[in-house]
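A look at the structure
Spelled out, the chains give:
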Amino acid sequence: MRRAGVLLLGAVPVIAAGVYLAVPADPEDTGGTADTTTATATATAPSSREDAKGRAEQERAADDALIAGLPPGLAAPAKKELAQQLVSSAENSTTRWRTAYGTIEDLGDGDGYTAGIIGFCTGTHDLLTLVERYTEAHPDNGLAAYLPALREVDGTDSHEGLDPGFTAAWRAEAEVPAFREAQEAERDRVYFEPAVRLAKLDGLGTLGQFVYYDAMVFHGPDTDAEGFYGLRERAMAEARTPARGGSERDYLGAFLDVRREAMEAKRPGIDTSRVDTAQRRFLAAGNLTLQTPLEWEVYGDAYRAP
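Just so you know, these numbers come straight off a predicted model, no measurement behind them.

Each value, and the rule that gives it
- Residues numbered from 1 in each chain as written.
- Predicted model: local features only at pLDDT ≥ 70, side-chain atom pairs only at ≥ 80, totals over all residues.
- Heavy atoms only, no water.
- Pairing = 2+ DSSP bridges.
- Helix = DSSP H or I, 4+ residues; strand = E, 2+ residues; numbered from the N terminus.
- Contact = heavy atoms within 4.5 Å.
- Axes fitted to C-alpha atoms, helices over the stretch in contact; angles between N-to-C directions.
- Core = buried A, V, L, I, M, F, W, Y, C linked by side-chain atoms within 4.5 Å.
- Buried < 20%, exposed > 50% of the residue type's maximum accessible area, 1.4 Å probe, protein only.
- Parallel < 35°, antiparallel > 145°, perpendicular 65-115°, else oblique.
- Left-handed = near helix turned anticlockwise from the far one by under 90°.
- Nonpolar A, V, L, I, M, F, W, Y, C, P; charged D, E, K, R; others polar.
- Patch = residues over 30% accessible without salt bridge, like charges linked within 9 Å, V, L, I, M, F, W, Y side chains within 5 Å.
- Areas by Shrake-Rupley, 256 points an atom, 1.4 Å probe, with all protein chains shown as cover.
- Salt bridge = Lys/Arg side-chain N within 4 Å of Asp/Glu carboxyl O.
- Lys, Arg positive; Asp, Glu negative; His and termini not counted.
- Charge placed at Lys NZ, Arg CZ, Asp CG, Glu CD.
- Expected span 1.5 Å × (residues − 1).

**A short note on the sheet that holds strand β5 (residues 120-121)**
Judged by pairing direction, the sheet is antiparallel, and its three strands sit side by side in the order β3-β4-β5 without closing on themselves. Each edge of the sheet is formed by a strand with only one pairing partner; in this case those strands are β3 (104-106) and β5. Strand direction decides the pairing type here: β3 and strand β4 (residues 113-115), joined by three bridges, are antiparallel. Looking at β4, one finds that Asp106 is bridged to Tyr113. Each of β3 and β4 is contacted by helix α5 (residues 166-173), which is oriented at about 150 degrees to β3, the strand it contacts most.

Here you go:
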């Protein structure tokens with residue numbers, strides 16, 4: 001993950017405008033125009049915190065029921081594996097994502113050390129959270145001694161207290177099966193599951209769910225203008241989601257436009273091929289269900305999923 005100052009959320013935050021949900025007409029996918037609509041009501045201001053909590057629980061229960069009735073989409077095992085390959089081609093320049101547990105380097109992007117299968121960063125809070133949660137379950141791990149330093153450098157690109165031993169400790173711990181499992185669990189909790197859930201609530205199919213997931217990884221689960229939730233709000237101002245009666249292709253096109261602009265604004269001259277010659281290529285081909293075989297390019301390298 002490449003964003004500083006992220007707000008790490010285990011669940012989708014409340015969207016002020018409300019989310020209007022639709023069951024897709026196509027039984028093979030979650031995208032398309034809906035013929036049955038269930039509204040998650042946009043409530044008036046609650047009279048008490050208790051009322052607000054109760055309303056939020058009711059809305060989440062309605063969302064859970066809706067999602068339970070939809071196809072798995074990107075959450076299907078084969079599609080989830082494909083999603084990790086696609087993200088890894090951009091994050092680690094390989095589709096063999098399981099080779100990346102022990103990767104760690106400072107990319108010079110202001111986020112400190114970037115490490116592991118999803119690019120956890122010492123400067124963006126997610127690496128700290130990973131090590132904290134892992135240490136709760138495994139107190140004697142080889143990274144626990146670095147927690148004070150990780151807390152100090154959080155939000156910066158500093159290596160103070162981490163050098164020279166942290167990178168070696170990370171690589172050594174990455175050989176431990178429990179730490180590999182912890183990386184996957186944190187990836188799912190912070191990035192994959194919230195992205196897929198919200199994409200389904202927006203009426204998006206498997207491709208749209210991946211578009212959300214990759215954006216969540218790169219931009220971080222933050223609500224500001226350059227965070228994932230900020231990008232979604234900007235895209236919704238340009239085009240309606242399928243759950244609101246819009247065209248899936250038009251909405252995804254708008255989302256990718258907004259995302260590309262945000263990438264270039266953050267880092268002028270950045271290579272945006274993970275959008276241009278991967279996701280946009282799938283969208284142009286009308287592959288809303290992300291069917292294989294897939295061919296794409298990232299940073300000039302060509303990839304294929306048979």
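Read on, since the account is not over.
**Let's talk about the pairing of strand β7 (residues 301-305)**
Alignment of strand β6 (residues 294-298) against β7, held across five bridges, turns out to be antiparallel. Along β7, the bridge assignment pairs Val298 with Asp301. What sits between β6 and β7 in their antiparallel hairpin is a turn of two residues, with Tyr299 showing a positive phi close to 55 degrees.

**A few points about the nonpolar core**
Most often, soluble globular proteins keep nonpolar side chains buried together rather than apart. By size, the foremost hydrophobic cluster in this structure holds 76 residues, and its most contacted members are Phe166, Trp170 and Tyr213. When sequence neighbours within four positions are dropped, the list of residues in contact with Tyr213 reads Leu74, Ala83, Gln84, Val87, Ile118, Arg187, Tyr191, Phe192 and Ala195.

**Some points on the packing of helix α8 (residues 228-238) against helix α9 (residues 248-266)**
Orientation of α8 relative to α9, taken along the N-to-C sense of each, is 130 degrees, at an axis distance of 8 Å. Judged on the interaxial angle alone, α9 and α8 are oblique. Considering the relative orientation of α8 and α9, their crossing is right-handed. Contact with α8, carried on its side by Phe228, Leu231, Arg232, Arg234, Ala235, Met236 and Glu238, involves Tyr251, Ala254, Phe255, Val258, Arg259, Glu261 and Ala262 of α9 and no other residues of that element. Across the contact of α8 with α9, the residue classes break down as nine nonpolar, no polar and five charged.

**Section: a negative patch on the surface**
A surface patch of like charges, here negative, comprises Glu105, Asp106, Asp157 and Asp163. Inspection of the secondary structure puts Glu105 in strand β3. Glu105 sits in the partly exposed class, given a relative accessible area of 47%.

**Some details on helix α3 (residues 126-137)**
Counted at 1.5 Å a residue, the expected span for α3 with its 12 residues is 16 Å, and the 17 Å between its end C-alpha atoms agrees. For α3, every residue scored as buried is listed here: Asp126, Leu127, Leu128, Thr129, Leu130, Val131, Tyr134 and Thr135. Packed against the buried residues of α3 are β4, β5, α4 (147-153), α5 and α6 (177-201).

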